[in-house]
Amino acid sequence: MDAKLSPDQELNVSGIGLASLLALGLSVAALILDWMGNRLPWHTTSLTMPLLLCAMGSAVVGHWVIPLLQALKTGQIIREDGPQAHLKKAGTPTMGGIFFIPVALVVACICSNWATNVLAVSALTLSYGLIGWIDDWQILRRKSNKGISPRMKLALQIIFAAVFCLWLMFTQDSSITNIAIPWVSFSLPLGLLFWPIAGFVLVAESNATNLTDGIDGLAAGTVAIALFALGVLIAPTSPELMVFCTALSGSCLGFLAHNRNPARVFMGDTGSLALGGALAAVALLANSLVALFILSGIFFVETLSVMAQVSYYKATKGPDGKGKRLFKMAPLHHHLELTGWSELQVVAVFYLIATILATICLVGGKF
């Protein structure tokens, strides 16, 4: 595929069109899957009800919160060395995670009748959202792209990951350390090795999701698809976590009503770190790490593009202290923009890839 697409080759679709198509697709899928799973769609323990409740709830709450964020002058600081088309986004309110994440957590807790597992993953999600909020607030306070130091952010992520892992250790059966391998009746026993892997997954997933948040509607849409698929996969064994996943997926859809191109608000680290943490926490608790790896394919590639960019730059650094760049800009979505893709093209293709990955998981998992 030639990455250099001309303007007349642009997808004939708007931001609201993409968001609406995604919302319709997930809603129809929820209804069909509820019917296949003998669940009544209007019950709180279905796929459909939490999805629609949170989609409508976060969309409505956003209409009240966004003007408040504007009044508080929470405008996004845009990197000058990034795609020039992004400069016009300067001043768009950020920290949108403060309204769509709580909506999902409240609905999930109520619909699951305050299940212990849902309370635990909700606490982890809020904890990572708090780290993101601190980072967003520091960026706004300093009026630069630098929030809290990377070391401080990593330390906080590790601390909250360790607390969650300790909770898992003392409340879950020892079988949680056996990683289920889909498509075959086999589990990989990790023993004590499971715990450092679990901590790494929590930190890595939250950062990978954070890196994917750089284009209007990109992170919200791809995470909505991943969460929905994960919820379907774990429905037979963890119905309460299914409710959590579909609630958070629906809240992402409601957020898209404001975040689709052209965005009226950005989720910021407040939202992206929380979403990544939620995905990882559910996968650990439901023993679905392999499925998480597949569903997170986009986030994984985005992270690899950043790592490759940094490594290549350091490896080719000359006497003048400057190195060569492997990509025009990292993460990958920015590279695609700088090679001629429009934001809508990137989002549409990434939504399609996320849907394909979700389908592979669902078919392989024999939902």
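Structure: above.
Rules of the game
Residues numbered from 1 in each chain as written. Predicted model: local features only at pLDDT ≥ 70, side-chain atom pairs only at ≥ 80, totals over all residues. Heavy atoms only, no water. Helix = DSSP H or I, 4+ residues; strand = E, 2+ residues; numbered from the N terminus. Rg over C-alpha atoms; globule rule 2.2 N^0.38 Å. Contact = heavy atoms within 4.5 Å. Areas by Shrake-Rupley, 256 points an atom, 1.4 Å probe, with all protein chains shown as cover. Salt bridge = Lys/Arg side-chain N within 4 Å of Asp/Glu carboxyl O. Buried < 20%, exposed > 50% of the residue type's maximum accessible area, 1.4 Å probe, protein only. Axes fitted to C-alpha atoms, helices over the stretch in contact; angles between N-to-C directions. Parallel < 35°, antiparallel > 145°, perpendicular 65-115°, else oblique. Nonpolar A, V, L, I, M, F, W, Y, C, P; charged D, E, K, R; others polar. Patch = residues over 30% accessible without salt bridge, like charges linked within 9 Å, V, L, I, M, F, W, Y side chains within 5 Å. Expected span 1.5 Å × (residues − 1). Arc of directions from axis to C-beta. Polar contact = N/O pair within 3.5 Å; in protein donor to acceptor, adjacent residues only side chain to side chain. Core = buried A, V, L, I, M, F, W, Y, C linked by side-chain atoms within 4.5 Å.

## So, the overall build of the protein
Broken down by element type, the protein carries 13 helices and two strands. The globule rule puts the C-alpha radius of gyration for 367 residues at 21 Å, and the 20 Å found for the protein is close to it. Overall size of the protein, expressed as C-alpha extent along the three principal axes, is 55 × 45 × 45 Å. Considering only contacts in the protein between residues 6 or more positions apart, those separated by 24 or more positions represent 74%. Of the roughly 17000 Å² that the protein leaves accessible, carbon and sulfur atoms contribute 68%.

## Quick notes on the pattern of salt bridges
Under the counting rule described, the total for this entry stands at three salt bridges. Here D34 and R39 are joined by a salt bridge, their closest N and O atoms 2.8 Å apart. Owing to a relative accessible area of 23%, R39 belongs among the partly exposed residues under this scheme. Residues K153 and D269 are paired through a salt bridge, measuring 3.2 Å at the closest nitrogen-oxygen approach. Placement of the pair is K153 in helix α5 (residues 150–171) and D269 in helix α9 (residues 268–285), with a sequence separation of 116 residues. For the pair shown, K153 and D269 are each scored as buried. Members of the salt-bridge network, linked through shared partners, are D135, K153 and D269.

## Some details on the packing of helix α6 (residues 194–212) against helix α11 (residues 297–315)
When two helices pack together, their arrangement is given by the angle between their axes and by how far apart the axes lie. At their nearest, the axes of α6 and α11 sit 8 Å apart, and the two run at 80 degrees to each other. Classified by the angle their axes make, α6 and α11 are roughly perpendicular. Between α6 and α11, the contacting residues are E205, A208, T209, L211 and T212 on the first element and I298, F299, E302, T303 and V306 on the second. In terms of residue class, the contact of α6 with α11 is built from five nonpolar, three polar and two charged.

## Here's the deal with a nonpolar patch on the surface
A surface patch of nonpolar side chains, amounting to about 560 Å² of accessible area, comprises L24, V28, I32, W35 and M36. The residue W35 is located in helix α1 (residues 15–36) in this model.

## Focus on the environment of H334
Its place among the elements puts H334 in helix α12 (residues 332–338). C-alpha separation for the pair H334 and I215, spaced 119 residues apart in sequence, amounts to 8.3 Å.

## What about α5?
Between its first and last C-alpha, α5 extends 32 Å over 22 residues, near the 32 Å set by a 1.5 Å rise per residue. Burial in α5 covers these residues: K153, Q157, A161, F164, C165 and L168. Angular distribution of buried residues about the axis of α5 spans 105 degrees; they occupy a single face of the element. The exposed residues of α5 that point more than 90 degrees off its buried face are R151, V163 and F170. Buried residues in α5 make contact with α4 (116–142), α6 and α9.

## Section: the side chain of S305
Take S305: it is sitting in helix α11. At 2.6 Å, the side chain of S305 forms a polar contact with the backbone oxygen of E302.

## Some words on the nonpolar core
Counting 103 residues, the largest nonpolar core has F164, F194, L202, F244 and L275 as its most contacted members. With 13 residues, the single largest contributor to this core is helix α7 (residues 218–234). Sequence-distant contacts of L275, defined by excluding residues within four places in its chain, comprise F100, I101, T209, V223, L227, L248, C252 and M267.

## Re unusual backbone geometry
With an omega dihedral of -5 degrees, the bond running from N261 to P262 counts as a cis peptide bond. Note on placement: P262 falls in the loop between α8 (239–259) and α9. In this chain, A330 is followed by P331 through a cis amide linkage whose omega measures 5 degrees. Mapped onto the secondary structure, P331 falls in the loop between α11 and α12. Although it is not a glycine, M95 sits at a positive phi angle of roughly 65 degrees. Take M95: it is sitting in the loop between α2 (48–71) and α3 (97–111). The phi dihedral of W114 falls on the positive side, at around 55 degrees, and the residue is not glycine. Relative to the helices and strands, W114 resides in the loop between α3 and α4.

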